[in-house]
Amino acid sequence: MVRVARLLVISLCMVFFCLALAGNAAAVEIYNGSITAGDGYQLNNYVIDVTDAFPSADSASFYIYNNGDELDSFLINVGDSYEFDFEDNAQVKLTLISVYSGTLPVTKVSIILNNYRVSDLFESSVIDGGHEYATYSGTPELKIVKSVDKSEVNVGDVVRVTVTVENTGDDAAVDVVFSDPQQAKFVLTDNILGEPGRMDVAVGGSPKKIYVYDLKATEAGTFSLNPTTASFTNSAGLDFPESSSNSPTVIVNAGEDLVNADLEFTTTLDKYTVNRNDEIQGTIKIKNKGNAPATAVTVDIEVPDGLVFEGGSGIEVISGVPKIYLESFGVQQEKEFNFKLKAIEVGTYTLSMKNSYLFENGIDTQLKEVTSDSVTNNIYVTKGQYDYLFEQPIYVYVMPLIIIGAIAGWIYYRHKQYKF
Amino acid sequence: MLNILIVGNGQCGNRILDAINREAFGKKSRLAKFYSQQKYKSNVQTIAINTAVNDLKEMKFTKAKDRIHIPHLHGVGANRNVGKHVFEDNKTHIMRQIEERGNFDVCFVITSASGGTGSSFTPMLVKELKERHDYPVYAVVVLPFREEGTLYLQNAAFCLRDIRESGADGIILADNQFLKQMGGNVESAYNGINDMVARRLLFLLDALDSEMMMVTDLGDFKTVMSGGAGLATIGFYEADTDMPVRSAIQKALSPSGLLFSSDVYKEASRAMVIIRGDKERLSIDEISTEVEKLSSAVGHVFKGIIVRNGELPQVLAVLTLESASELENLYSIAVDAIKYERDKKERVATVKEVDRAFSQIDGMDPSY
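Keep in mind that this is a model prediction, so the values were computed, not measured.

This part takes up the confidence of the model for chain A. Taken residue by residue, chain A gives an average pLDDT of 88. The fraction at 70 or more is 93%. In this model, residues 15-24 of chain A is a region of pLDDT below 50 whose contacts with residues beyond four sequence positions or in other chains number one contact.

Laid out in structure tokens, this is it:
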């Protein structure tokens, strides 16, 4: 029963929403008022001109225009109506309510729009002077072209990018805002025209340069430049979908001038299976296999809880983390750092190293940072030689201690007895 | 159980007392005091008295509370007159220390006759004990080597006389001169003599408080000690191989077994012979033969036998002496020593040679 009631409520709700939606598209009176002979009423690009009014005959004549072109004309009496097709299968129903005299004869009309969303109307008003003075809405079409002066360069070379725009539509593009995203793997070295800002692009004319800038290639590879986009409206203020430019492809080859620091970090231990409380000797070897020196070489040794860092040459403990720091590291230089660990808990552990360094690659203005992680093989810490001593029940330790204490106490007592 | 007091006076008395306490542990180890108990049969209280603190510190087996230091520099310097004054000044303290330990059945005071503290304290201590208590007091007196010097000899002579006059119930003599036959270096000889005296006294104490097959007790001991001239010595022999008990008795009574040289068959007045050992080794016939032989010479002999399974024969003989030729020898030497010291003192007093030497520069001044 409850389920049936719920279905009924849902159905009623759906009906209500359908009706509401249908109501938007149902007949709506757009205008009910006076229009002086010689004036007109504009509905989007349609204009209903009142060409003449005859108070004595209670009639008036009308002309219908679309984008200034005459579509239809008719004469109706007061109380009569006339329908004509509108955009998208909609109809406009014009009813002549009355005609009366004045300086110029005036008609009172009712304009009803059928099967059309009122919200889609961008123009609905009386036009003084009729269709000749109406403003019609067009469709601007922006053609944005992005081009490069060189499609194949080496790393470090500069590519000049030019973006032009041309309106090939039938209406001006108004409030055009261009967007040109930053290009990965390239560095902007010079922006010749600067940001174009908001502008209008008129129909026709030659393509207009909106962006001219230089990009410096920083990495080898084939890259498609991001398209330039533009958002705009037409002269009537109607928004249009964004226009996008093409995406020119640039092939960047590795140049001979590019240099790299390539540091190899190797960590080895003298043994990977130790007894508890034993020591482990470790060695971190750093070698620069690249062709550029490195700076700020850092190795952070992450020691797990079961191991204790006991010190090492050239290794400082900062905030509890053993750290190697080298201000500079030359090409093909090698260096070894020895350190000592102590196994304090039984378990399986690994030693993790976080490595990082900086270098100049000869191209970028900024230093390149390289980071890497490395992990040693498993370190197995087994029970110490004397660990079994600590695994015995407490009385095993207490009883001998009591006996030893008693003996010591007795000896001391006798010593005091005989000490003069 | 007997209550026995043993007092060791002076360096010699202290050392013999310490040896007794060490022997009482029954172990040879220096650490015996840490893990063992003294095996006295009786209630034995030991007290060491000395004016030299270093002598008291050298004792290892006597409890600190049993060591009484009488402060007077570091000893009395073999001067018995000084020693007597010191004892007199500290008599109350000494007697209180002794009396705090209770009442006793018998007391032994061990001393050297020749030193300072022991030889001067002992006669006065014996006198005080006899005046205050009714238990017998016996002095165990060690006589000096004859060549130890004139001061020691005259001390020994006067000490023995003073002890005898103090009211002591008997003087048991031990003679270093006679015992030096043991040989070895000075330290081992002294230690040997101390051990020898200690073992004899321990044996005696043990015997006085033991159940015996044939009984000797403190009463018998008193009777023996009251005989003769008030002087006594102890003979002892401990068989180290299986030997007839007769031989052990003979060795105990021979000069080599005695603490003081004597021909017991001629000079002894009364005797007590205590024999200990496995009953299989204690032949009554042999014992009787030897005891009868001794009694026929000295008169009465008290005889005691202690049976200890597995032990070889050990014989202790306490002998009081009617006369002591060796003691007469000692006194004749001592008389010479006394005269020598007196003459030297008079000579120094009358012939002031040093003063004559000094008088040569009278009226003169040094010039620099």
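Now that the structure has been shown, the text picks up again.
Residues and elements named next belong to chain B. Extensive coverage of strand S8 (residues 268-277) is indicated by the burial of ten of its ten residues. Summarising the sheet, S8 and strand S10 (residues 314-321) pair through eight bridges and their orientation is antiparallel. Across the sheet, the residue bridging to isoleucine 275 is valine 315, located in S10. Inspection of the sheet shows S8 paired to strand S9 (residues 301-307) by seven bridges, in the parallel sense. Following the sheet pairing, alanine 271 is matched in S9 by valine 301.

Residue and element names in this part refer to chain B. Counting buried residues in strand S5 (residues 137-143) gives seven out of seven residues, a clear majority hidden from the surface. Covered by surrounding structure in S5 are Val137, Ala139, Val141 and Leu143 together with Tyr138, Val140 and Val142, the residues of both alternating faces. Examined bridge by bridge, strand S4 (residues 106-112) and S5 share six bridges and lie parallel to one another. Residue pairing across strands places valine 109 opposite alanine 139, the latter belonging to S5. Following the backbone out of S4, through helix H5 (residues 117-132) and into the adjacent parallel S5, one traces a crossover that is right-handed. When S5 meets strand S6 (residues 170-175), the two strands line up parallel, connected through six bridges. Residue alanine 139 lies in a different strand from S6, and its bridge partner there is isoleucine 171. Handedness of the β-α-β unit built from S5, helix H6 (residues 150-166) and S6 comes out right-handed.

Moving on, we get to the UniProt feature "transmembrane region" (unreviewed entry) in chain A. UniProt's feature table lists "transmembrane region" (unreviewed entry) at residues 394-413 of chain A, given in the numbering used throughout. The span residues 394-413 of chain A is 100% helical and 0% strand by assignment, and the distance between its end C-alpha atoms comes to 28 Å.

At the interface, six residues of chain A touch nine residues of chain B. Here the side of chain A that touches chain B is composed, by residue class, of three nonpolar, one polar and two charged.

Attention now goes to the sheet that holds strand S24 (residues 294-302) of chain A. Within a sheet, adjacent strands bond to each other through the backbone by hydrogen bonds, running parallel or antiparallel. Residues and elements named next belong to chain A. The antiparallel open sheet is built from five strands, whose spatial order is S26-S27-S24-S30-S31. Each edge of the open sheet is held by one strand with a lone partner, namely strand S26 (316-318) and strand S31 (368-375). Recorded for the sheet is a direction-independent mean angle of 25 degrees between the axes of neighbouring strands. Where S24 meets strand S27 (residues 321-329), six bridges bridge the pair, whose relative direction is antiparallel. Opposite aspartate 300, over in S27, you have lysine 323 as the bridge partner.

Reading the values: the criteria
Residues numbered from 1 in each chain as written. Chains lettered and ligands numbered in written order. Predicted model: local features only at pLDDT ≥ 70, side-chain atom pairs only at ≥ 80, totals over all residues. pLDDT = per-residue confidence, 0-100. Contact = placed C-beta atoms within 7 Å. Buried ≥ 20, exposed ≤ 12 C-beta atoms within 10 Å, placed from the backbone. Helix = DSSP H or I, 4+ residues; strand = E, 2+ residues; numbered from the N terminus. Pairing = 2+ DSSP bridges. Right-handed = clockwise from strand over helix to strand, strands pointing away. UniProt positions renumbered as here; feature names shortened; annotations may be inferred. Nonpolar A, V, L, I, M, F, W, Y, C, P; charged D, E, K, R; others polar. Axes fitted to C-alpha atoms, helices over the stretch in contact; angles between N-to-C directions.

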